[in-house]
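Listed below are the residues making up each chain.
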Amino acid sequence: MTLTQDAPARAGTAENPAPQASLIVQGADATGIVAAVTSVLSGHGANIVALDQYSDNPQGGAFFQRTVFGLDGLRAALPALRTDLDAHLVERFGLTYTLRDLSVPKRVAIFASKSDHCLLDLLWRHRQGQLPVTVSMVISNHPDVAEEVRAFGIPFFHVPSQGPDKSAAETEHLRLLKGNVDFVVLARYMQILSGDLIERLGVPIINIHHSFLPAFIGAGPYAKAKERGVKLVGATAHYVTEDLDEGPIIEQDVVRVTHAHTATDLTRRGADVERAVLSRAVLWHAEDRVVRNGNHTIVFA
């Protein structure tokens, strides 16, 4: 919808659409926030193409909003937009916001180990244009997937990481990643990242794991699940924090299984769910659909 009456919206055409940006707003709920956002955008001749909002309590709770808008000359307009948003959202309401040009894909590094199902699924989806990201590199603690990764035209780096002292590996990780990526995906990377690496890297990290934790920890979780006669297998994608597997959850899913399924069947069905859950989490993060709030998320999917 066009939100200006004083000037024609500069929103491009069907053949030549205007560049789009995302605006994420969060903070304490108050009357007039949505009006303030739309007023600023309309004042710059922007055309809103998507708007989602959520308040966990309209009476002074937390407010979250994702807006996508189109505007010709977007890059040149961004500084003036930020000035107006500072005045109308930050100074007036005490809100925080992020404003991003969606024509510039986020840069991602993918970490993997020997298991390749999540890694190759992400690379295939990226090649098919289903993930709006730039895959800067793949890093693995094993060389097994090197040739498959390079077949996609993606740089591959083998960084061994063994034993309790991972300082040398993490130093190399930082050298490769610092300033070169906007987020990291652990695509079944079977190593624990230290709190120091997480802090120094300073970008979001998304992990995928089976949803049996902590019931079936360690190696062979599907075999252990088979022994217990589980009726569901699933996967969880979440942001990584220093607290192992306790970061904010982005996406989860399950599939039913029966007594007739073998441990191999459970592993296969679990891998299918892991691929789907991780790809959705990466897509939603890439499109600025996930808003972190403490240890949980609001997902405008």
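Just so it is clear, the structure is predicted and the values come from calculations on it, not from any experiment.

S.K.: Give me the overall build of the chain: which residues, what numbers.
M.R.: Looking only at helices and strands, the chain has eight helices and 13 strands in total. Structurally, the chain occupies a C-alpha span of about 65 × 40 × 40 Å along its principal axes. Out of the 301 residues belonging to the chain, those deemed buried represent 46%. Pairs at least 24 residues apart make up 65% of the contacts formed inside the chain by residues separated by at least 6 positions. Of the roughly 14600 Å² of accessible surface on the chain, a fraction of 52% belongs to carbon and sulfur atoms.

S.K.: For the packing of aromatic side chains, give the residues involved together with the corresponding values.
M.R.: Following the criterion strictly, the structure yields two aromatic pairs and no others. Taking the centre distance of 6.3 Å and the plane angle of 15 degrees together, the rings of Tyr 54 and Phe 64 count as stacked. Here Tyr 54 is found in strand β2 (residues 47–55), whereas its partner Phe 64 is found in strand β3 (residues 62–70), with 10 residues between them in sequence. Between Phe 111 and Tyr 189 the ring centres are 5.1 Å apart and the planes differ by 90 degrees, which places this aromatic pair in the edge-to-face class. Highlighted residues: Phe 111 in strand β5 (residues 106–112) and Tyr 189 in the loop between β8 (183–186) and α6 (195–201), separated in sequence by 78 residues. Each member of the pair, Phe 111 together with Tyr 189, is buried. The side chain of Arg 292 reaches across the aromatic face of Tyr 239, ending 4.6 Å from its centre.

S.K.: Could you give me a rundown of the pairing of strand β12 (residues 290–293), with the residues and numbers involved?
M.R.: Where β12 lies against strand β13 (residues 296–299), four bridges are found, and the strand directions are antiparallel. When the bridges of β13 are listed, Val 290 appears paired with Val 299.

S.K.: Can you explain the environment of Arg 280? Please cite residues and give values.
M.R.: Mapped onto the secondary structure, Arg 280 falls in helix α8 (residues 263–286). Distance from Arg 280 to Leu 122, taken between C-alpha atoms, is 10.0 Å for residues 158 residues apart in sequence. Once you skip the residues sitting within four places of it in the chain, Arg 280 turns out to touch Glu 251, Gln 252 and Asp 253. In terms of polar contacts, Arg 280 uses its side chain to reach the side chain of Asp 253, at 3.2 Å.

S.K.: Which residues make up empty space enclosed by the protein, and what values go with them?
M.R.: Throughout the structure, instances matching the rule amount to two cavities of 30 Å³ or more. There is about 40 Å³ of room inside the largest cavity. In terms of residue class, the lining of the largest cavity is built from nine nonpolar, one polar and no charged. The space that makes up the second largest cavity amounts to roughly 30 Å³. For the second largest cavity, the full set of lining residues is Ser 161, Lys 166, Ala 169, Glu 170, His 173, Tyr 189, Gln 191, Ile 192 and Leu 193. Across the lining of the second largest cavity, the residue classes tally to four nonpolar, three polar and two charged.

S.K.: Could you give me a rundown of the confidence of the model for the chain, with the residues and numbers involved?
M.R.: Taken as a whole, the chain shows an average pLDDT of 92; of its residues, 94% reach a score of 70 or greater. Low confidence marks residues 1–10, where pLDDT is under 50. Its contacts with residues over four positions away, or in another chain, come to 18 contacts.

S.K.: Account for the sheet that holds strand β1 (residues 20–28), with residues named and values stated.
M.R.: An order of β2-β3-β1-β4 is seen for the four strands of this open sheet, with the pairing classed as antiparallel. In the strand order of this sheet, the two ends are held by β2 and β4 (96–101), each with one partner. Here the average twist between neighbouring strands, direction ignored, is 10 degrees. Judged from the eight bridges that link them, β2 and β3 form a sheet pairing that is antiparallel.

S.K.: How would you summarise the pattern of salt bridges if you had to cite specific residues and measurements?
M.R.: Under the definition given, this model contains 14 salt bridges. One salt bridge connects Arg 268 with Asp 265, and the closest N-O pair in it is separated by 4.0 Å. One end of the pair is Arg 268 and the other is Asp 265, both in helix α8 and three residues apart, which spans about a single turn. Arg 289 serves as the salt-bridge partner of Glu 287, at 2.7 Å between the closest nitrogen and oxygen.

How each quantity is defined
Residues numbered from 1 in each chain as written. Predicted model: local features only at pLDDT ≥ 70, side-chain atom pairs only at ≥ 80, totals over all residues. Heavy atoms only, no water. Helix = DSSP H or I, 4+ residues; strand = E, 2+ residues; numbered from the N terminus. Buried < 20%, exposed > 50% of the residue type's maximum accessible area, 1.4 Å probe, protein only. Contact = heavy atoms within 4.5 Å. Areas by Shrake-Rupley, 256 points an atom, 1.4 Å probe, with all protein chains shown as cover. Phe/Tyr/Trp six-rings, centres within 6.5 Å; stacked < 30°, edge-to-face > 60°. Lys NZ or Arg CZ within 6 Å of the ring centre and 35° of its normal. Pairing = 2+ DSSP bridges. Polar contact = N/O pair within 3.5 Å; in protein donor to acceptor, adjacent residues only side chain to side chain. 1 Å grid on protein atoms, 1.4 Å probe; cavity = no way out; pocket = protein on both sides within 12 Å on 5 of 7 lines; lining within 4 Å. Points joined across faces, edges and corners; volume = space filled by probe spheres on them. Nonpolar A, V, L, I, M, F, W, Y, C, P; charged D, E, K, R; others polar. pLDDT = per-residue confidence, 0-100. Axes fitted to C-alpha atoms, helices over the stretch in contact; angles between N-to-C directions. Salt bridge = Lys/Arg side-chain N within 4 Å of Asp/Glu carboxyl O.

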